[in-house]
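Architecture at a glance
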Amino acid sequence: MPPLRQCLLITSLLLPIIETRSFSMLTRRTPSEIQLEIKDPVDPTALSQSRAILDELLSSGATVSPSKLLDVAHRLGDIPAATSSYVVSRRQCEEAFDSLSEEERGTLLRIHGRIRAFAEAQRRSVTDVEVGIPGGKAGHTVSPCRAAGCYAPGGRYPLPSSVLMTVVTARAAGCPYVVLASPRPAPITLAAAHVAGADVVLCVGGAQAIGCMAYGIDAHNGEGATIPAVPACDVIVGPGNKWVTAAKSIVNGHCGIDMLAGPSEVLVIADNTADAEIVAADLIAQAEHDVVARAILVSTDEEIINKVDKEVESQVECLPEPNRSTAMEALKQSFSVLCKDMDECIAMSDRLAPEHLEIQTENSQEVGERCANYGGLFIGTHAAEVLGDYGAGPNHTLPTGGTGRYTGGLSVFNFLRIRTWMRIDSKEDSQKMVEDSVRMARLEGLEGHARAAEARSLSMTPAYKKTENGKN
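Residues numbered from 1 in each chain as written. Predicted model: local features only at pLDDT ≥ 70, side-chain atom pairs only at ≥ 80, totals over all residues. Heavy atoms only, no water.

The buried fraction of strand 12 (residues 265-270) is high, at 6 of 6 residues. Side chains Glu265, Leu267 and Ile269 project from strand 12 onto one buried face, and the interleaved Val266, Val268 and Ala270 project onto a second face that is buried too. Judged from the 6 bridges that link them, strand 12 and strand 13 (residues 294-299) form a sheet pairing that is parallel. When the bridges of strand 13 are listed, leucine 267 appears paired with isoleucine 296. Each parallel crossover has a hand, and the one from strand 12 via helix 10 (residues 276-287) to strand 13 is right-handed. The pairing of strand 12 with strand 15 (residues 356-360) spans 5 bridges and is parallel. Paired with valine 268 across the strands is glutamate 358, a residue of strand 15. (Buried < 20%, exposed > 50% of the residue type's maximum accessible area, 1.4 Å probe, protein only. Helix = DSSP H or I, 4+ residues; strand = E, 2+ residues; numbered from the N terminus. Pairing = 2+ DSSP bridges. Right-handed = clockwise from strand over helix to strand, strands pointing away.)

Given below as structure tokens:
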């Protein structure tokens, strides 16, 4: 039977059940029951396991030993036991791209273009600055980090979109060297790496991939050719499983990271003008990500909540496996909330600070502008969150677990360094600033600071010259 007819048949068979069942696909909760739970995204067991893997990789020195990496990659199934190469050449990535259909190549190229255009606009938004200060100049410079590490998951589904979102953004920031890591990369993943312009692709995942990018890999002779050394990355970005998250928490500080991401989530604010079929489709799209994903509906209208719940029931049954089972499990921790008015809906959303926030209401632009906390905002019925997933332009790597209260998603700014400088051209014109510095240093009890400022004074004798051996 054709899939569409099969889906319609399943739906029709479910209708009597839907009308009489007493439970909801989305658990009903009241506003008073909803509180933001700040959970540590790092799993303790994964943290211990990741630390052991990193220790093994670094047991021979400060950089990752190729032989140790191969031991770990073979043991954990990243690469076949008979393979001694952990990289995919740029030529292989190009061949993967060439093997795609014309439509598939066109899709990758168009998505690449939209992501790059948005990222380049972000880069242009911040520039070098120079201002006058007493006696001189001060300013800041904006420059990219030297090497960027990008992770793309290779688990249940290949995610070429994550390749494009991370690598293209690093390139737009101006990073001269970009490393991509993805375990057991599918041809579409390698094709995306070619389009995005990754310099090297590591076909390892988990904590071992993060370790390689954080500490670098020594050169290695494998399969008849020398595998060049991979430099340590200054910043590592991209979503991953619990071992990736744990390893990122370990290397943070040795290098920069984008964020420690938790389970994915979407919150939809809907009123009586919303299309229940579309709202349900968006909730299910989020639920199929992972068994721990959350889909949340917040509405001023009980009827729309009931309609969406029925739509979720019927639509989820039409998903193929394993998508259906994944979504069904995720829906167990998903919920709906009936609010007394739009102000309460917005307050509820701000309290949770969802990763993805959809506004499907009348005057959606106005409602969206009133919302303060979220990772990415999708305004109106047609601005589907999945369009953001697949390259409308803004990045799809977004803060989860309420962290949207104080941070944003991946952008060129993750790869940029804003460094300040100052210069004094006229000692005479800087004297009032010198006097202020001397006074403030002594107010803080930092006599050495005060004397360093006095050494620049035209009117004060540094205290260390006043008494023998610099003692008062």
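Strand order in this open sheet of 6 strands is 2-7-6-5-10-11, and the pairing throughout is mixed. Each of the sheet's edge strands pairs with one partner strand only, and the pair in question is strand 2 (87-88) and strand 11 (256-257). As paired strands, strand 5 (residues 147-151) and strand 6 (residues 177-181) are joined by 5 bridges and run parallel to one another. Within strand 6, the position partnered with alanine 147 by the bridge is tyrosine 177. Along the sheet, helix 6 (residues 160-173) contacts strand 5, strand 6 and strand 10 (235-237); its crossing angle with strand 6, the most-contacted strand, is approximately 170°. (Contact = heavy atoms within 4.5 Å. Axes fitted to C-alpha atoms, helices over the stretch in contact; angles between N-to-C directions.)

The next point concerns the confidence of the model for the protein chain. The predicted coordinates ought not to be read in detail in places where the model reports low pLDDT. For the protein chain, the mean per-residue pLDDT works out to 92, and 93% of the residues sit at or above 70. Across residues 1-6 the pLDDT falls below 50, and counting only partners more than four positions away or on other chains, this stretch makes 2 contacts in the model. Confidence over residues 8-22 falls short of pLDDT 50; this stretch has 13 contacts with residues more than four positions distant or in other chains. (pLDDT = per-residue confidence, 0-100.)

As a further point, take the environment of aspartate 425. Considering the arrangement of structural elements, one finds aspartate 425 in the loop between strand 17 (416-424) and helix 16 (431-443). When sequence neighbours within four positions are dropped, the list of residues in contact with aspartate 425 reads Gly135, Gly136 and Lys137. Side-chain polar atoms of aspartate 425 contact the side chain of arginine 423, separated by 2.8 Å. (Polar contact = N/O pair within 3.5 Å; in protein donor to acceptor, adjacent residues only side chain to side chain.)

Attention now goes to the pattern of salt bridges. Evaluated as defined, the whole model comprises 20 salt bridges. The closest approach of N and O atoms between lysine 307 and glutamate 303, which form a salt bridge, is 3.3 Å. Within this pair, lysine 307 and its partner glutamate 303 are both found in helix 11 (residues 302-316), separated by 4 residues, close to a single helical turn. Overall, lysine 307 belongs to the partly exposed group, its relative accessible area being 42%. Of the charged contacts, one joins glutamate 447 and arginine 451 as a salt bridge, the two residues approaching to 2.9 Å between their closest N and O atoms. One end of the pair, glutamate 447, and the other, arginine 451, are both in helix 17 (residues 447-454), 4 residues apart, so they sit about a helical turn from each other. Each of the salt bridges in this network shares a partner with another, and the network as a whole consists of Arg442, Glu447, Arg451 and Glu454. (Salt bridge = Lys/Arg side-chain N within 4 Å of Asp/Glu carboxyl O.)

Now for the packing of helix 8 (residues 206-215) against helix 9 (residues 242-251). Orientation of helix 8 relative to helix 9, taken along the N-to-C sense of each, is 30°, at an axis distance of 7 Å. The angle between helix 8 and helix 9 places the two elements in the roughly parallel class. At the point where helix 8 passes helix 9, the crossing takes the right-handed sense. Only Trp243, Val244, Ala247, Lys248 and Val251 of helix 9 make contact with helix 8, whose side of the interface consists of Gly206, Ala207, Ile210, Ala214 and Tyr215. (Parallel < 35°, antiparallel > 145°, perpendicular 65-115°, else oblique. Left-handed = near helix turned anticlockwise from the far one by under 90°.)

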